[in-house]
Amino acid sequence: MKMVRAVRIIVSGLVQGVGFRPAIHRAAARSDVKGYVKNLGGSEVEIYIEGREEDINAFIRALTHFLPPFATIEEVQVVKEEPRNLNKFTIERSSGTLVKRSMIPPDIGICEYCLKEVLDPNNRRYRYPFNSCAWCGPRYSMMYAIPYDRENTSMRKYKLCSECEEEYEDVNNVRRHHAQGISCPKDGPRLYLYTSDGELLDVLDPIKEVAKLIDEGFIVAIKGVGGYHIACLATDDDVVIKLRMRKKRPSQPFAVMALDLDTVSKLVYLVPPSSIDLLLSPQRPIVLLPKRESSPASYYVSPGMDVEGVFLPYTALHHLLLRDVRDKFLIMTSGNVHGQPMCRTEECVFNKLRNVVDYVLVHDREIVNRVDDSVMRFTNGESVFLRRGRGYAPMWIRVPFHLDREVVAMGADLQTAAAIGFEDKVVLTPYVGDLDNAETVEDLEEMLGFLIKSYGVDWTRAVVVVDKHPNYVSRGLAYEMCDKYGCKAVEIQHHYAHVLSVLADRGLKVESRVMGIAIDGTGYGDDGTLWGGEVIIVKPDGYERVGSLEPLPITSERDIEYPVRLLIAILAKMLGHRVYEVIEGFPHYKLLSEFEREVIVKSVFEGRYTESSSTGRFLDVVSALLGVCYYRSYEGEPAIRLEAVARRGKLISELEEMDITYRDVLRADILNYILKLLYTLHQHSNTNNQHNLSDIAFTTQIALGKALAKVVLKSLYGKRNVEQYIVVGGGAAVNNYIIMGIAEELKKADIKVYLPKKVPPNDGGIALGQIYAYYIANAF
């Protein structure tokens, strides 16, 4: 008789909510081992098997064959056990015990098999808007707690019908055996259509009715996976303008959801080819791609932009709606009041959106956790996150260091996300937003609280890392938590965190010196001024600022909203009283009253301004100077529109060089460069040989990138033990032409340039860098 042996296996990774336990059950049946599999309380899975040596080996071989498509095994812990003489293999009830932390499953776009069922008139799930299986569907957005079981989700109120129950219990049903979120028209969520005043409408098919209403020009709020969208025609100027007026969103682009790739290809160019893979991926992000000149979409969907944000449907509901509307694509934008979080409850929609939408399509499944659509773009040929949300969050990121304790990172205040860190992992919240209103702050606390509870983080023993900016809301919130729980707060410089975020993202350990560039709108500097265009050397024991942009004179917060103000301040600083004769040559100076112009000039003359080495503000000034954008209606607008204008630009040789000077550190002289731009514009306004604005915009951004690269090269002179790569982070690190300029210049010295791949380079990824900064500060 052959000896029976037994092992207990703890598996972590993405192994809950992806059909992993049913796959283990099938592998066990194939290999004739006995035992059990169950979810544990840290999102990990426990497997116990016993059998003959050859049966256990067969089980391990079968495991890779049966692994579900979205599952990821990261760590496996095997412990020998005494056999228990079990006579079968079962899926056991989940345990709340935390043995080894694992990943919380994100929401997954509908798979091809579920969609096929929805479109098949002979299938019992025909036109069922909530179809899902073990391989797809909502996960994080409907979870109250871990482990991922139906009873811990908002699906718990829907009792399975006999047919669904049969599928659930059938070990050979690959997609529905023990799939926690399954349902059908008999037992699952239901749709209801209301007017914006809350009147329930009696309609046979709410989706067909909504499609008819949208085609007639109405605007509809639609409850989705992680919140509400607002949907309307994208081809009708009047409808799009009406939405902009109601939403008080004058120019910020709207996203467009299209039925399929053929429809997408009528709106945008599918370049680079990897954009197709992104669009078709289970995560289904919004992807910014170059607009087609012949696009049927209204100009007002994304005014002043050269790209359109497009994405494919990720639920059956979206598919059915887009099949039923005339255009096969729609505006599908966040269902929120401008500047506030996306609505996820009916109370929010009927209170806050009643004057924005005409109708509301509701389903009765609760959205437990808000999660916004992820947004990506391409920078110098690489895909980069602008917003990390649905499909990706809250999956963890493995980092190249091991923490000695649990860390909570609060992020920043704009487009932010918070995070927790433990062992060699960092888990970021989904995109939170701007912390300038109480609702977003509440969402930050709720999202962070979910992670802290799920992973068993103890506030009293954790370290909290915060941004150094004394006025950040996130910083104040952190100190409140530390006062309440007695934890320690550590302050981290903003741009240092940006650089470290990229290093952590790319799995790069700081063992010698690493150069980094941080370019953004603003951050609180170590010297009390506002930084935003920094060259930093990261060392195993800290960092050193070795380069920057020549600082701009910020006279008021209104300089951000009206960049022409900052242009006047720069000219006053550089030209003295000649500023008056110069600004009169530019018609957009009349956007400001004579009194306001005089206050700006006087403030500069009297030294009443704050110095800022901000990349964002420099791009804003150039945008205003070229007449591209005089007023900022949303974050980054002047710089974004400047990049759009540069799309077909060519290099102007006389503007290609930006001087490098030395003050306290090496400086890219953006002030004198602005005078050079003024001179160029003046010269060519008096001749027939005018440069195209696209050429000037293109060259300016390339020149800035090259200047930053030259600061890097000059900083490297005489230094040893420096890595042959640099990292670039910060909100402006997505600018195609700045990165092109940096990469072209550093290529001459065989220095590689790395951007982040898993988190946004903006403040949505800064919490990752804050945690790395804590590690470095305590590793020596």
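Residues numbered from 1 in each chain as written. Predicted model: local features only at pLDDT ≥ 70, side-chain atom pairs only at ≥ 80, totals over all residues. Heavy atoms only, no water.

Caption draft 1: Inspection of the overall build of the chain at higher detail. Along the chain, the regular secondary structure elements total 23 helices and 31 strands. On C-alpha atoms alone, the chain measures out to a radius of gyration of 28 Å, which is about the 28 Å that the 2.2 N^0.38 rule sets for 780 residues. Principal-axis analysis of the C-alpha atoms gives the chain an extent of 95 × 65 × 50 Å. Sequence-distant contacts, at least 24 apart, represent 74% of the contacts inside the chain between residues at least 6 apart. A total accessible area of about 30,000 Å² is found for the chain, and carbon and sulfur atoms account for 49% of it. On the chain, the mean spot of the 95 positive side-chain charges and the mean spot of the 103 negative ones are 3 Å from each other. (Helix = DSSP H or I, 4+ residues; strand = E, 2+ residues; numbered from the N terminus. Rg over C-alpha atoms; globule rule 2.2 N^0.38 Å. Contact = heavy atoms within 4.5 Å. Areas by Shrake-Rupley, 256 points an atom, 1.4 Å probe, with all protein chains shown as cover. Lys, Arg positive; Asp, Glu negative; His and termini not counted. Charge placed at Lys NZ, Arg CZ, Asp CG, Glu CD.)

Caption draft 2: Layout of empty space enclosed by the protein. According to the stated counting rule, one finds 6 cavities of 30 Å³ or more in the structure shown. Taken as a whole, the largest cavity spans an internal volume of roughly 200 Å³. In terms of residue count, helix 9 (residues 316-324) provides more of the lining of the largest cavity than any other element does, 3 residues in total. Taken together, the residues of the lining of the largest cavity break down into 9 nonpolar, 8 polar and 4 charged. (1 Å grid on protein atoms, 1.4 Å probe; cavity = no way out; pocket = protein on both sides within 12 Å on 5 of 7 lines; lining within 4 Å. Points joined across faces, edges and corners; volume = space filled by probe spheres on them. Nonpolar A, V, L, I, M, F, W, Y, C, P; charged D, E, K, R; others polar.)

Caption draft 3: Up close: the sheet that holds strand 11 (residues 286-290). On the basis of which strands lie adjacent, the open sheet formed by 11 strands has the order 7-6-14-8-9-13-10-12-11-15-16 and mixed pairing. Looking at strand neighbours, the two that pair on one side only are strand 7 (200-201) and strand 16 (382-387), the edges of this open sheet. Of the strand pairs in this sheet, strand 9 (residues 228-232) and strand 13 (residues 329-334) are connected by 4 bridges, and their pairing is antiparallel. The residue bridging isoleucine 230 from the neighbouring strand is threonine 333, located in strand 13. Contacts between helix 5 (residues 206-215) and the sheet are confined to strand 6 (191-195), strand 8 (220-223), strand 9, strand 13 and strand 14 (359-363), with strand 6 contributing the most and set at about 35° to the helix. (Pairing = 2+ DSSP bridges. Axes fitted to C-alpha atoms, helices over the stretch in contact; angles between N-to-C directions.)

Caption draft 4: Fine view of the state of the cysteines. Tallied over the full model, the rule gives 1 disulfide. Its sulfur unpaired, cysteine 482 is 3.1 Å from the next cysteine sulfur, which belongs to cysteine 487. The class for cysteine 482 is buried, based on a relative accessible area of 8%. Classification of cysteine 487 as buried rests on a relative accessible area of 9%. (Disulfide = S-S within 2.5 Å. Buried < 20%, exposed > 50% of the residue type's maximum accessible area, 1.4 Å probe, protein only.)

Caption draft 5: Up close: the pairing of strand 25 (residues 542-549). In terms of residue burial, strand 25 counts as a mostly covered element, since 6 of its 8 residues are buried. Bridge analysis of strand 24 (residues 530-539) against strand 25 gives 6 bridges, and the strand direction is antiparallel. Of the residues in strand 25, the one forming a bridge with isoleucine 536 is arginine 545. Taken together, strand 24 and the strand that follows it, strand 25, pair antiparallel across an intervening segment of 2 residues. Two elements, strand 25 and strand 29 (residues 666-668), share 3 bridges in a ladder whose sense is parallel. Paired with glycine 547 across the strands is leucine 666, a residue of strand 29.

Caption draft 6: Inspection of a nonpolar patch on the surface at higher detail. Among the surface-exposed residues, Leu67, Ile73, Val76 and Val78 lie close enough to one another that they form a single nonpolar patch of about 310 Å² accessible area. Summarising the element assignment, leucine 67 is placed in the loop between helix 2 (53-66) and strand 4 (72-81). (Patch = residues over 30% accessible without salt bridge, like charges linked within 9 Å, V, L, I, M, F, W, Y side chains within 5 Å. Salt bridge = Lys/Arg side-chain N within 4 Å of Asp/Glu carboxyl O.)

Caption draft 7: Expanded view of a negative patch on the surface. The grouping of Glu442, Glu445, Glu480 and Asp483 at the surface amounts to a negative patch. Looking at the negative patch, the elements that each hand over two or more residues are helix 11 (438-454) and helix 12 (473-485). Along the chain, the position of aspartate 483 falls in helix 12.

Caption draft 8: Up close: the sheet that holds strand 1 (residues 4-14). On the basis of which strands lie adjacent, the open sheet formed by 5 strands has the order 4-1-3-2-5 and mixed pairing. Lying at the two open borders of the sheet, with one neighbouring strand each, are strand 4 and strand 5 (89-91). Geometrically, the sheet is characterised by an average inter-axis angle of 15° between neighbouring strands, direction not taken into account. Two strands pair when backbone bridges link them, and strand 2 (residues 34-39) and strand 5 are joined in this way by 3 bridges, in the parallel orientation. Bridged to valine 37 within strand 5 is isoleucine 91. Each of strand 1, strand 2, strand 3 (45-52), strand 4 and strand 5 touches helix 1 (residues 20-31); the most contacted strand, strand 5, lies at about 170° to it. Sitting on the sheet, helix 2 is in contact with strand 1 and strand 3, with an inclination near 145° to strand 3.

Caption draft 9: Spotlight on the environment of serine 653. Within the fold, serine 653 resides in the loop between helix 19 (637-645) and strand 28 (660-662). With relative accessibility at 57%, the residue serine 653 sits in the exposed group. Put simply, serine 653 and alanine 297 are 356 residues apart on the chain and 37 Å apart in space, counted from C-alpha to C-alpha. In this structure the side chain of serine 653 is engaged in a polar contact, spanning 3.4 Å, whose partner is the side chain of glutamate 654. (Polar contact = N/O pair within 3.5 Å; in protein donor to acceptor, adjacent residues only side chain to side chain.)

Caption draft 10: Examining the environment of aspartate 695 more closely. By the secondary structure assignment, aspartate 695 is in helix 21 (residues 693-716). In this view, aspartate 695 contacts Arg648, Gly649, Lys650 and Ile652; residues no more than four positions away in its chain are not counted. Here lysine 650 takes part through its backbone nitrogen, which lies 2.7 Å from a polar atom of the side chain of aspartate 695.

Caption draft 11: Here's a closer look at the pattern of salt bridges. Counted under the stated rule, the structure contains 56 salt bridges. Here arginine 21 and aspartate 149 are joined by a salt bridge, their closest N and O atoms 3.4 Å apart. Of this pair, arginine 21 sits in helix 1 while aspartate 149 sits in the loop between helix 3 (112-118) and helix 4 (162-169), and the two are 128 residues apart along the sequence. Note that glutamate 163 and arginine 124 form a salt bridge whose closest N and O atoms lie 3.8 Å from each other. Highlighted residues: glutamate 163 in helix 4 and arginine 124 in the loop between helix 3 and helix 4, separated in sequence by 39 residues. Given the relative accessible area of 31%, glutamate 163 is considered partly exposed.

Caption draft 12: Structural context of the packing of aromatic side chains. Under the defined criterion, the tally for this structure stands at 19 aromatic pairs. With 5.8 Å between their ring centres and 70° between their planes, tyrosine 128 and phenylalanine 130 make a pair best called edge-to-face. Note on tyrosine 128: relative accessible area 3%, which makes it buried. Judged by relative accessible area, phenylalanine 130 falls into the buried class, the value being 8%. Aromatic side chains tryptophan 396 and phenylalanine 422 sit 6.2 Å apart centroid to centroid with 75° between the ring planes, which places their arrangement in the edge-to-face category. Note that tryptophan 396 is positioned in the loop between strand 16 and strand 17 (397-398) and phenylalanine 422 in strand 19 (residues 419-422), a separation of 26 residues in sequence. (Phe/Tyr/Trp six-rings, centres within 6.5 Å; stacked < 30°, edge-to-face > 60°.)

Caption draft 13: Highlighting helix 21. Over its 24 residues, helix 21 runs 35 Å from end to end, which matches the ideal 34 Å to within 8%, given 1.5 Å per residue. Where helix 21 begins, the side chain of asparagine 692 points an oxygen toward the backbone nitrogen of serine 694, at a separation of 2.6 Å. A positive backbone phi angle near 80° is found at glycine 718, which sits one or two residues after helix 21. (Expected span 1.5 Å × (residues − 1).)

Caption draft 14: Region of the structure containing the nonpolar core. Ranked by size, the top nonpolar core spans 140 residues in total, and within it Ile47, Leu321, Val408 and Ile420 carry the most contacts. If sequence neighbours within four positions are ignored, leucine 321 has contacts with Ile207, Val210, Ala211, Ile214, Ile222, Leu330 and Met332. Judged by nonpolar contacts, the second largest core, of 79 residues, contains Phe586, Cys629, Ile696 and Ala709. (Core = buried A, V, L, I, M, F, W, Y, C linked by side-chain atoms within 4.5 Å.)

Caption draft 15: How the structure looks around the side chain of glutamine 701. Tracing the backbone shows glutamine 701 in helix 21. Classification of glutamine 701 by relative accessible area gives buried; the value is 0%. Residue contacts for glutamine 701: discarding those within four places in its chain leaves Leu619, Leu642, Glu643, Ala646, Asn735, Tyr737 and Ile738.

Read these as layout, nothing more, since geometry by itself doesn't imply function.
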